[in-house]
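So you can see what is in the structure, the chains are spelled out below.
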Amino acid sequence: MKSTQYNKLFLSAYFIILILMFFLVLKTGSHNPVLSLVFGIVFILFLSLALSFYKLTISIDDEIVSFKFGIGLIKKEYRLDMITNCKPVPGKFSIYSRI
């Protein structure tokens with residue numbers, strides 16, 4: 001079984017920030033190269049964060065439970081026989097209601 005949860009609030013905020021950063025980089029282009037470099041680096045950092053954390057995917061089969069954030073740079077697998085206890089965490093953004 002596989003369940004994916006998208007972080008819509010996070011995506012909306014990062015999309016707005018990325019657009020603002022993009023236009024700031026374009027506007028400061030040739031006027032101030034140091035400022036343009038700083039904006040460019042911050043833009044790349046924000047873009048990499050957005051790609052890394054825009055969704056959470058949890059998969060479970062007969063032997064393994066795994067999770068993956070975003071495009072999969074951060075992921076982990078656990079064998080089911082190594083898990084000693086667990087409990088659902090209630091909340092508005094809980095994925096347990098679909099499992």
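Because the structure is a prediction, the values reported are computed rather than measured.

Draft legend 1. A look at a nonpolar patch on the surface. Together, Phe15, Ile16, Ile19, Leu20, Phe22, Phe23 and Leu26 line one region of the surface with nonpolar side chains, adding up to about 730 Å² of accessible area. By the element assignment, Phe23 lies in helix 1 (residues 8-28). For Phe23, a relative accessible area of 52% gives the class exposed.

Draft legend 2. Quick peek at the packing of helix 1 against helix 2 (residues 33-53). The N-to-C vectors of helix 1 and helix 2 enclose an angle of 160°; their axes lie 9 Å apart at closest approach. Here helix 1 lies roughly antiparallel to helix 2, going by the angle between them. As for how helix 1 packs across helix 2, the hand of that crossing is left-handed. In this structure, helix 1 contributes Phe10, Tyr14, Ile17, Leu18, Met21, Phe22, Leu24, Val25 and Thr28 to the contact, and helix 2 contributes Leu35, Ser36, Phe39, Gly40, Val42, Phe43, Phe46, Leu47, Leu49, Ala50 and Phe53. A class-by-class count of the residues in the contact of helix 1 with helix 2 yields 17 nonpolar, three polar and no charged.

Draft legend 3. Representation of the sheet that holds strand 3 (residues 64-69). Read across the open sheet, the four strands follow the order 1-2-3-4; overall the sheet is antiparallel. At either margin of the open sheet sits one strand with a lone partner, and together these are strand 1 (2-6) and strand 4 (74-79). On average, adjacent strands in this sheet sit at an angle of 10° to one another, irrespective of strand direction. As paired strands, strand 2 (residues 55-60) and strand 3 are joined by five bridges and run antiparallel to one another.

Draft legend 4. Broad picture of a negative patch on the surface. Taken together, the side chains of Asp61, Asp62, Glu63 and Glu77 define an acidic patch exposed on the protein surface. As for its placement among the helices and strands, Glu77 is situated in strand 4. Owing to a relative accessible area of 55%, Glu77 belongs among the exposed residues under this scheme.

The rules behind the values
- Residues numbered from 1 in each chain as written.
- Predicted model: local features only at pLDDT ≥ 70, side-chain atom pairs only at ≥ 80, totals over all residues.
- Heavy atoms only, no water.
- Patch = residues over 30% accessible without salt bridge, like charges linked within 9 Å, V, L, I, M, F, W, Y side chains within 5 Å.
- Areas by Shrake-Rupley, 256 points an atom, 1.4 Å probe, with all protein chains shown as cover.
- Salt bridge = Lys/Arg side-chain N within 4 Å of Asp/Glu carboxyl O.
- Helix = DSSP H or I, 4+ residues; strand = E, 2+ residues; numbered from the N terminus.
- Buried < 20%, exposed > 50% of the residue type's maximum accessible area, 1.4 Å probe, protein only.
- Axes fitted to C-alpha atoms, helices over the stretch in contact; angles between N-to-C directions.
- Parallel < 35°, antiparallel > 145°, perpendicular 65-115°, else oblique.
- Left-handed = near helix turned anticlockwise from the far one by under 90°.
- Contact = heavy atoms within 4.5 Å.
- Nonpolar A, V, L, I, M, F, W, Y, C, P; charged D, E, K, R; others polar.
- Pairing = 2+ DSSP bridges.
- Lys, Arg positive; Asp, Glu negative; His and termini not counted.
- Charge placed at Lys NZ, Arg CZ, Asp CG, Glu CD.

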